[in-house]
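Survey of secondary and tertiary structure
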Amino acid sequence: MSGVVRAAWRLGAAAVGGRAGRQLSQAVGEGGGAAAAEGNGGGSGSRKVIEQLVREHPVVVFMKGSPEQPLCGFSNAVVQILRLHGVEDYRAHDVLQDPDLRQGIKNYSNWPTIPQVYLNGEFVGGCDILLQMHQNGDLVEELKKLGIRSALLDAEKDQDKK
């Protein structure tokens, strides 16, 4: 594991106090509430726009910067984990370019931090949760459900051949 991922894991786990990611259905009650009431207009942070963004692709990441140039260690760690698994085809949205989107995604997920990872429209969590899923093998299984074969499976096969 790279030093960046290790450092992000330590910092991320401390920052969120070990909380696990929540399903979207658990994140916001059906009736709405204060978080759902915010951002119901048509802007980039509106619930409708964010719903479209999280469902536009099987793997969606809201991050600081871009996959080519992440602007925070946690966003970089998420990009590196996805790369380790060979996930190159995903949608990334830079929340630093749009303050409404940055706040809107936090309201939508009821999760206070960035990056945020969505698989098949469902909120998974941030850097710490993705790293935990990577470490315990859950990410391989979740990617398989999306029809994505983790590159780590091929790497294991190559090691077995040696």
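Rules behind the numbers
- Residues numbered from 1 in each chain as written.
- Predicted model: local features only at pLDDT ≥ 70, side-chain atom pairs only at ≥ 80, totals over all residues.
- Heavy atoms only, no water.
- Helix = DSSP H or I, 4+ residues; strand = E, 2+ residues; numbered from the N terminus.
- Buried < 20%, exposed > 50% of the residue type's maximum accessible area, 1.4 Å probe, protein only.
- Contact = heavy atoms within 4.5 Å.
- Core = buried A, V, L, I, M, F, W, Y, C linked by side-chain atoms within 4.5 Å.
- Lys, Arg positive; Asp, Glu negative; His and termini not counted.
- Salt bridge = Lys/Arg side-chain N within 4 Å of Asp/Glu carboxyl O.
- Axes fitted to C-alpha atoms, helices over the stretch in contact; angles between N-to-C directions.
- Parallel < 35°, antiparallel > 145°, perpendicular 65-115°, else oblique.
- Left-handed = near helix turned anticlockwise from the far one by under 90°.
- Pairing = 2+ DSSP bridges.
- Arc of directions from axis to C-beta.

Per an unreviewed UniProt entry, the chain carries the name Glutaredoxin-related protein 5, mitochondrial and comes from Melopsittacus undulatus.

Concerning the overall build of the chain
From N to C terminus, the chain includes nine helices and four strands. Listing every helix and strand of the chain by position from the N terminus yields α-α-α-α-β-α-β-α-β-β-α-α-α. Sorting the 162 residues of the chain into buried and exposed places 41% on the buried side. Across the chain, every contact between residues at least 6 apart in sequence was considered, and the portion connecting residues at least 24 apart equals 68%.

Considering the nonpolar core
Across soluble globular proteins, you tend to see nonpolar side chains buried next to one another. The biggest cluster of nonpolar side chains holds 21 residues, and the ones touching the most others in it are Val61, Val78, Leu82, Tyr90, Leu119, Leu130 and Leu139. Going through the elements one at a time, strand 1 (59-63), helix 5 (73-84), strand 3 (116-119), helix 7 (127-136) and helix 8 (138-145) are the ones with two or more residues in this core. One finds Leu53, Phe62, Leu101 and Tyr108 within the second-largest nonpolar core, a separate group that totals 13 residues.

A few points about the side chain of aspartate 94
As for its placement among the helices and strands, aspartate 94 is situated in strand 2 (residues 91-94). Although buried, aspartate 94 forms no salt bridge, and the nearest oppositely charged side chain, arginine 102, lies 8.0 Å from it. Ignoring anything within four residues of it in the chain, the contact list for aspartate 94 reads Met63, Lys64 and Gly65.

A few points about the packing of helix 5 against helix 7
Packed helix pairs are characterised by how far apart their axes lie and by the angle those axes make with each other. Contact geometry of helix 5 with helix 7 gives a least axis separation of 9 Å together with a crossing angle of 25°. Overall, the two elements helix 5 and helix 7 adopt an arrangement that is roughly parallel. Crossing geometry of helix 5 relative to helix 7 is assigned as left-handed. Contacts between helix 5 and helix 7 pair Phe74, Ala77, Val78, Ile81, Leu82 and Leu84 from the former with Cys127, Leu130, Leu131 and His134 from the latter.

Regarding the pairing of strand 4 (residues 122-125)
Of the pairings in the sheet, the one linking strand 3 to strand 4 comprises three bridges and is antiparallel in character. Among the inter-strand pairings, tyrosine 118 is bridged to a residue of strand 4, identified as phenylalanine 123. In this structure, the hairpin formed by strand 3 and strand 4 is closed by a connection of two residues, where asparagine 120 is found at a positive phi of approximately 55°.

Comments concerning helix 8
Taken together, the buried positions of helix 8 are occupied by Leu139, Val140 and Leu143. Down the axis of helix 8, the buried side of the element spans an arc of 105°, and every buried residue falls inside it. Exposed and facing more than 90 degrees away from the buried side of helix 8 are Lys144 and Lys145. Just downstream of helix 8 lies glycine 147, where phi reads positive at about 80°.

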